[in-house]
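Examination of the molecular architecture
One letter stands for each residue in the lines below.
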Amino acid sequence: MNQSARRPYRQGARADAAVQTGERILDAATAAFWESPTAEVSLEEVARRAGVAPRTVIRRFGGAAGVMAAAVERESQRVAAERAVQTPGDVPAAIASLVGHYERLGDAVVRLVAASLREPELRPVVDAGREVHRTWCREAFAPQLAAMPRTVARRRLATLVAVCDAQTWWLLRRHGGLSRPQTELALVELVVPVLEVP
């Protein structure tokens, strides 16, 4: 094989390795953040977890703020995909999807909300998450809400946002000791009456 044929292969392999390194860094930043939510994630800790030098993180993302911004963006896309509404109005399916998401991230979300009370810099992340959650509730239960008078639908949407919150999941699952199926059933039992058209 001549040199010119080998060069594109090497460049492709190098590009693939760079993508994999970037993903490892984002995985490390995400894990560090969810374990202990803080606005000041340590660049050294992210690098250690990713198995790279801190200068690699800086070169790739411009520092701690850059890597966290990229990690938050990627995690937001994952959450949106994970919580995508397949069949609006299907309460058991919506709740199963929601609980699946909370099984992965519910404890971390509760920690993040608590941390945001101590660190105001985290509030934009929490506010963005709340807006995603509100949008999900509106889309998941759209047919039922559309059948209600506007003022009732607005109140019921606010109720659904509260009932389907990570804190409610935590109270049922962690504090109440319910199994995942029982937690799903409890949430369905809470949601169904809210969706009844007056």
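Structure: see above.
Residues numbered from 1 in each chain as written. Predicted model: local features only at pLDDT ≥ 70, side-chain atom pairs only at ≥ 80, totals over all residues. Heavy atoms only, no water.

1. Points about the packing of helix α9 (residues 166-175) against helix α10 (residues 180-194)
What counts, and what does not: Fitting a line to C-alpha atoms yields each axis, with helices limited to the stretch in contact; the angle taken between N-to-C directions then spans 0 to 180 degrees. Each helix is a run of H or I in the DSSP string that is no shorter than four residues. Each strand is a run of E no shorter than two, and both are numbered from the N terminus. Angle categories: roughly parallel below 35 degrees, roughly antiparallel above 145, roughly perpendicular from 65 to 115, and oblique for all the rest. Handedness of a crossing follows from how the near helix is turned relative to the far one, being left-handed for an anticlockwise turn of less than a right angle and right-handed for a clockwise one. Any two residues whose heavy atoms approach within 4.5 Å at even a single point are treated as in contact.
One way to put it is that α9 packs onto α10 with a least axis distance of 9 Å and a crossing angle of 130°. The angle between α9 and α10 falls in the class oblique. Remark: the crossing between α9 and α10 carries right-handed chirality. In this structure, α9 uses Thr168, Trp169, Leu172 and Arg173 to contact α10, whose residues at the interface are Arg180, Thr183, Ala186, Leu187 and Leu190.

2. What about the environment of Ala153?
The condition is simple: Partly exposed residues are those whose accessible area sits between 20% and 50% of the maximum for their type, while under 20% is buried and over 50% is exposed, using a 1.4 Å probe and protein chains only.
Of note, Ala153 is situated in helix α8 (residues 150-163). Judged by its relative accessible area of 13%, Ala153 is buried. Non-local contacts of Ala153, meaning those with residues more than four positions away in its chain, are made with Leu145 and Met148.

3. Examining the pattern of salt bridges
Note the threshold: Any carboxyl oxygen of Asp or Glu within 4 Å of a side-chain nitrogen of Lys or Arg constitutes a salt bridge here.
Applying the stated criterion across every chain, the model contains 13 salt bridges. Residue Asp27 pairs with Arg74 through a salt bridge whose shortest N-O separation is 2.7 Å. Pair noted here: Asp27 is in helix α1 (residues 3-35) and Arg74 is in helix α4 (residues 64-82), with a separation of 47 residues, a long-range link. Given the relative accessible area of 37%, Asp27 is considered partly exposed. Residue classification places Arg74 among the buried positions, given a relative accessible area of 11%. Put simply, Asp127 and Arg130 hold a salt bridge, and the shortest N to O gap is 3.9 Å. Taken together, the residues span about one helical turn, with Asp127 and Arg130 both in helix α6 (residues 123-140) at a distance of 3 residues. Here the residues in one salt-bridge network are Glu23, Asp27, Arg74, Glu75, Arg78, Glu82 and Arg104, joined through shared partners.

4. Regarding the side chain of Thr183
Positionally, Thr183 belongs in helix α10. On the basis of relative accessible area, Thr183 is assigned to the buried category, the value being 0%.

5. Digging into the state of the cysteines
Condition: Pairs of cysteine sulfur atoms within 2.5 Å are what we label disulfides.
Going through the model one piece at a time under the given rule, you end up with 0 disulfides. With no disulfide of its own, Cys137 lies 4.6 Å from the sulfur of Cys164, the closest cysteine sulfur. Overall, the relative accessible area of 0% leaves Cys137 in the buried class.

6. Things to note about the packing of aromatic side chains
Ring pairs (aromatic) are described by centroid distance and by the angle formed between their planes. The test is simple: Side-chain rings of Phe, Tyr and Trp, where Trp is taken by its six-membered ring, are said to pair if the distance between their centres is within 6.5 Å; with planes under 30 degrees apart they count as stacked, over 60 as edge-to-face, and otherwise as tilted. Sitting over a ring, as applied to charges here, requires NZ of Lys or CZ of Arg to be within 6 Å of the ring centre and within 35 degrees of the ring normal.
Evaluated as defined, the whole model comprises 3 aromatic pairs. Centroid distance Tyr102 to Trp169: 5.9 Å. Interplanar angle 45°. Geometry classified as tilted. Remark: Trp169 occurs in helix α9 and Tyr102 occurs in helix α5 (residues 91-118); sequence separation between them is 67 residues. For the pair Tyr102 and Trp169, one class covers both residues: buried. Centroid distance Trp136 to Phe141: 5.8 Å. Interplanar angle 85°. Geometry classified as edge-to-face. Taking relative accessible area as the criterion, Trp136 reaches 5% and is therefore assigned buried. In this structure, Arg83 packs its charged tip against the face of Trp136, placed 4.9 Å from the ring centre.

7. Quick notes on the side chain of Glu75
Note the cut-off: Distance and chemistry together define a polar contact, namely a pair of N or O atoms within 3.5 Å, with one atom able to donate a hydrogen and the other to accept it when in protein, and with adjacent residues in sequence counting only for side-chain atoms on both sides.
Mapped onto the elements of the fold, Glu75 is located in helix α4. Overall, Glu75 belongs to the buried group, its relative accessible area being 7%. Looking at Glu75, its side chain comes within polar contact range of the side chain of Arg104, at 3.4 Å. Excluding its chain neighbours within four sequence positions, the residues that come into contact with Glu75 are Thr30, Trp34, Arg104 and Leu105.

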